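Structural features, examined
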Amino acid sequence: MDEEEPEIEVVVYEITPKVITRVLGKTVIPDDEEHECWEWQGSRTYDGYGHVSVGGKLFLAHRVLYVVYKGEIPSGLVLLHSCDNRKCVSPHHLRVGTQAENLQDMHNKGRWRRKPHAQSKGTARDA
Ligand SMILES: [Zn+2]
């Protein structure tokens, strides 16, 4: 697998109501929204992240939802998943961290697992 990396412009500071509506329209929010994964139903990037395209710009779904529910992501920081489910866009399963932490996190867990739907019990590893 040697996929070419597409040019992706990720804009997180211009999240409009239209973007939010598009993202929420493709997100399945479970009954237990704090603990269960929010399954993304829309398009995904080459590496598996849900996204919408609005006005020719690409918005990553989990980042949009994080900003909506939790607040701004400080520049230079990345979002870390606590549940290892790339289809999951739940802001409750995300926290901000550095890219170095992200790599360390993945290393600690061994590797990315790509389960279609992670079980909710015991996945909230965040302190
Ligand atoms: Zn999740």
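Nothing here was measured: the structure is a model prediction, and the numbers come from that model.

Counting 17 residues, the largest nonpolar core has Val23, Ala61, Val64, Leu65 and Val89 as the members making the most contacts within it. Mapped by element, the contributors of at least two residues to this core are α1 (17–25), β4 (57–60) and α2 (61–69). Look past the residues within four positions of Leu65 in its chain and what remains in contact with it is Val23, Val89 and Pro91.

Across four bridges, strand β3 (residues 51–54) lies against β4 in antiparallel orientation. Paired with His51 across the two strands is Leu60, which belongs to β4. Once β3 ends, the chain turns through two residues before running back antiparallel as β4, passing Gly55 with a positive phi of about 60°.

Helix-helix packing is characterised by the crossing angle of the two axes and by the distance between the axes. It is at 10 Å that the axes of α1 and α2 come closest, and there the two elements cross at 115°. Between α1 and α2 lies a crossing of left-handed hand. Residues Val19, Ile20 and Val23 of α1 form the contact with α2, whose participating residues are Ala61, Val64, Leu65 and Val68. When the residues that make up the contact of α1 with α2 are grouped by side-chain class, the tally is seven nonpolar, no polar and no charged.

For Gly42, the position within the fold is in the loop between β2 (39–40) and β3. In the structure, Gly42 is positioned 10 residues away from Val52 in sequence and 7.5 Å away in space, judged by C-alpha atoms. Ignoring anything within four residues of it in the chain, the contact list for Gly42 reads Lys26, Gly50, Val52 and Ala61.

Parameters at a glance
Residues numbered from 1 in each chain as written. Predicted model: local features only at pLDDT ≥ 70, side-chain atom pairs only at ≥ 80, totals over all residues. Core = buried A, V, L, I, M, F, W, Y, C linked by C-beta atoms within 7 Å. Buried ≥ 20, exposed ≤ 12 C-beta atoms within 10 Å, placed from the backbone. Helix = DSSP H or I, 4+ residues; strand = E, 2+ residues; numbered from the N terminus. Contact = placed C-beta atoms within 7 Å. Pairing = 2+ DSSP bridges. Axes fitted to C-alpha atoms, helices over the stretch in contact; angles between N-to-C directions. Left-handed = near helix turned anticlockwise from the far one by under 90°. Nonpolar A, V, L, I, M, F, W, Y, C, P; charged D, E, K, R; others polar.

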